[in-house]
Number of protein chains: 2
Amino acid sequence: MNQLKHDAAQLRAFNRFHTGRIGVLQERMLDSRLSLAQVRVLYELSARNGVLASQLARELGLDPGYMSRLLAGFRRKRWITTAPASSDKRRRPIVLTKAGRAAFEPLDRRSQAEAEALLAPLDSARRRRLVEALRTARELLGDESVAPGPVVLRQHRPGDIGMVAKRHGELYAEEYGWDERFEALVAGILARFIENFRAERERCWIAERDGQFLGCVFVVEKNPDTAQLRMLLVEPAARGMGLGKQLVGECIRFARSKRYRRMVLWTNSVLDAARHVYESFGFRLIEQGKHSAFGKELVEQTWELDLAVD
Amino acid sequence: MNQLKHDAAQLRAFNRFHTGRIGVLQERMLDSRLSLAQVRVLYELSARNGVLASQLARELGLDPGYMSRLLAGFRRKRWITTAPASSDKRRRPIVLTKAGRAAFEPLDRRSQAEAEALLAPLDSARRRRLVEALRTARELLGDESVAPGPVVLRQHRPGDIGMVAKRHGELYAEEYGWDERFEALVAGILARFIENFRAERERCWIAERDGQFLGCVFVVEKNPDTAQLRMLLVEPAARGMGLGKQLVGECIRFARSKRYRRMVLWTNSVLDAARHVYESFGFRLIEQGKHSAFGKELVEQTWELDLAVD
DNA sequence: CCATATACTTGCCATGAGCAACTATTAGAG
DNA sequence: CTCTAATAGTTGCTCATGGCAAGTATATGG
């Protein structure tokens, strides 16, 4: 595959660039009379009290003997103490002393300041883009330590309407081959949703994580007794974590709290995952029929849930 | 600013992760009996014939003395020849020999293979995201060598409608404080644009670079003689490079070719940059009036251009 | 023509870092 | 319960890595 080669070449280009950049930062480290290895160890020590030398060596990819010497050096400077151990007397958990912390702190500050200096020329939008890009890269390169952040459900704000339309358009084009008229349909529905929006009868939930769009769902008033669930979407990357269920659950809770008697929704037979969610909440299929739309022959379905029962 | 601190911390986290990762790759390098510095120099030599030792030393951040020794080593192995020089006899442009190329090739292949192995577990969508993220990071961190790719103008496809609405919504909210009803208005217009689309009378241009949305503009039929220019948008990141002019130029050319007699557009007094573009093409303000919309008091304007003249 | 700068080399030397052998302790197999 | 193997850490030996400064040869600018 040629694409893979190209992508790998890009990765290498990045690595070259980054080692060059970091090389510069390393030199600065050195003018504090500490080697890169020492700084890395010190950083780990300051972050995690009580690690073992062997753990550090493994994680930082350093030779155990070398690690031992590094730590001996720190011990000589009274930056660390190695408590002989409790249960297992082979182990000597390493604890940073007050002096150790004091030695690390200016280094840490300098490193922080350098990172800030690197970012300073960027305006905040660019900085956000950079941070997001770095996070993405780290995650995709398999850094387990990158905590994915919580999934947040929130109501709509500027930009969401478009995002919802965009992802509907792209995903249904990709997965089912629907043409751009589907996206236009969604955009029109969304436009009317905003234009006629009444917060006490209708609502939208946008699911996101780390600012990344994960999914959405809308409840609109069909008539005073009937709420309509619309535009449920879960991003491929967010599937299999119960987000669809969570979103539909919010809709039902909202509709109940607003005294709707029933909830209906219009969907399509090809959307299997969504159907399972609807079924699991007790929606019943009350009508279906062939129609042709978005360049495809489809079977549309209407589902209904009685909100009074249960 | 606390955000800067946080962003810098993210950058540092990335750097730590990356040095760890690359550390691993470096070890592998070593089992070819070459140091990282040697490999880096070799890479540069293979990429650019005839560099000077001093250039290399500067660019790779290595000591000139060390560089001299590295090169002496290569010379001993007959991997390079240093032509004594032509005009300036101090300089000795370095040329990689056939043997040098042969020595570098397996290294290069191995490094390429390792990069590919790192990417292999990712599906192509993720890989694209990763490559895009790395490119973004490189660019924002100030790698001049990252060529920004050409600006491409294309017609619309699924996802564009939403993107156009989204960016209108976000940008006008940010820059002018307009609320989400503006986005809804745009979404509605876009929905109708798609629903009634006739390629021989109407068109949309999406400007992008490296897959990144840069701007857009639409031409729709107002009546058989009159084309309407709508939804001109240029991303902040793309301003000042004449993209607005280019987009409007496309519109006018298109409208002329479709035998429209005139072009009109509706805009708003606050949009200075756009107004300048319109004026530069000879649009004349034919009507304006206060109105209130999107949560603001605004002055709307109608501009017209006679397509017959000129 | 002389002072200064550039391109590269060389001598000197500290230390960074890999390897293997060694001690102390613990866990697991039989 | 004992013997073996594994784990945690230390130490001796070694040499490549790479910084610094002085040195040579050439070029440039006043």
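See above for the structure.
Residues numbered from 1 in each chain as written. Chains lettered and ligands numbered in written order. Predicted model: local features only at pLDDT ≥ 70, side-chain atom pairs only at ≥ 80, totals over all residues.

**Quick word on the overall build of chain A**
- A count of helices and strands for chain A gives ten helices and nine strands.
- A globule of 310 residues ought to have a C-alpha radius of gyration of about 19 Å, yet chain A, at 28 Å, is considerably larger.
- Dimensions of chain A along its principal axes, counting C-alpha atoms only, are 80 × 50 × 35 Å.
- Expressed as a percentage of the 310 residues in chain A, the buried residues total 32%.
- A sequence separation of at least 24 residues applies to 54% of the contacts in chain A between residues at least 6 apart. (Helix = DSSP H or I, 4+ residues; strand = E, 2+ residues; numbered from the N terminus. Rg over C-alpha atoms; globule rule 2.2 N^0.38 Å. Buried ≥ 20, exposed ≤ 12 C-beta atoms within 10 Å, placed from the backbone. Contact = placed C-beta atoms within 7 Å.)

**With respect to the relation of the copies chain A and chain B**
- With an RMSD of 0.6 Å, the fit of chain A onto chain B corresponds to turning through 179 degrees and sliding 0.2 Å along the axis. Both chain copies can therefore be described as sitting about a two-fold axis.
- Taken as a fraction of all interface residues of chain A, those also at the interface in chain B reach 100%, which identifies the copy contact as same-surface. (Least-squares fit on C-alpha atoms with pLDDT ≥ 70 in both.)

**A word on the sheet that holds strand β9 (residues 296-306) of chain A**
Residues and elements named next belong to chain A.
- Spatially, the seven strands line up as an open sheet ordered β3-β4-β5-β6-β7-β9-β8, and their pairing is mixed. The open sheet has two edge strands, β3 (152-154) and β8 (284-293), and neither has a second partner. Across the sheet, the mean angle separating the axes of adjacent strands is 20 degrees when strand polarity is ignored.
- Direction of pairing for strand β7 (residues 262-268) relative to β9: antiparallel, over a ladder of seven bridges. Its bridge partner being in β9, V264 is matched across the sheet by E304.
- This element, helix α9 (residues 243-257), spans β3, β4 (203-209), β5 (212-223), β6 (226-234) and β7 of the sheet and lies at about 30 degrees to β5. (Pairing = 2+ DSSP bridges. Axes fitted to C-alpha atoms, helices over the stretch in contact; angles between N-to-C directions.)

**Considerations on the protein's contact with DNA strand C**
- Taken together, 21 residues lie near DNA strand C, and A:D63, A:G65, B:S54, B:G65 and B:S68 sit nearest.
- Of all the secondary structure elements, the ones that give two or more residues to the surface near DNA strand C are α4 (64-76) of chain A together with α3 (53-60) and α4 (64-76) of chain B.
- Top element by residues in the surface near DNA strand C is α4(B). It accounts for six residues.
- Classifying every residue of the surface near DNA strand C gives eight nonpolar, five polar and eight charged. (Near = placed C-beta within 6 Å. Nonpolar A, V, L, I, M, F, W, Y, C, P; charged D, E, K, R; others polar.)

**As for the nonpolar core**
- Counting residues in each nonpolar core, the largest one holds 90 residues, and the members touching the most others are A:A187, A:L190, B:A187 and B:L190.
- Once residues within four sequence positions are removed from consideration, A:A187 is found in contact with A:A165, B:I161, B:G162, B:A165, B:A187, B:L190 and B:A191.
- Among the nonpolar cores identified, the runner-up in size contains 24 residues, and A:V131, A:L140, B:V131 and B:L134 belong to it. (Core = buried A, V, L, I, M, F, W, Y, C linked by C-beta atoms within 7 Å.)

**Comments concerning the pairing of β8(A)**
All names here are of chain A.
- Sparse coverage of β8 is indicated by the burial of zero of its ten residues.
- The pairing of β8 with β9 spans nine bridges and is classified as antiparallel. By the bridge assignment, E287 is partnered in β9 with T302.

By themselves these figures say nothing about function.
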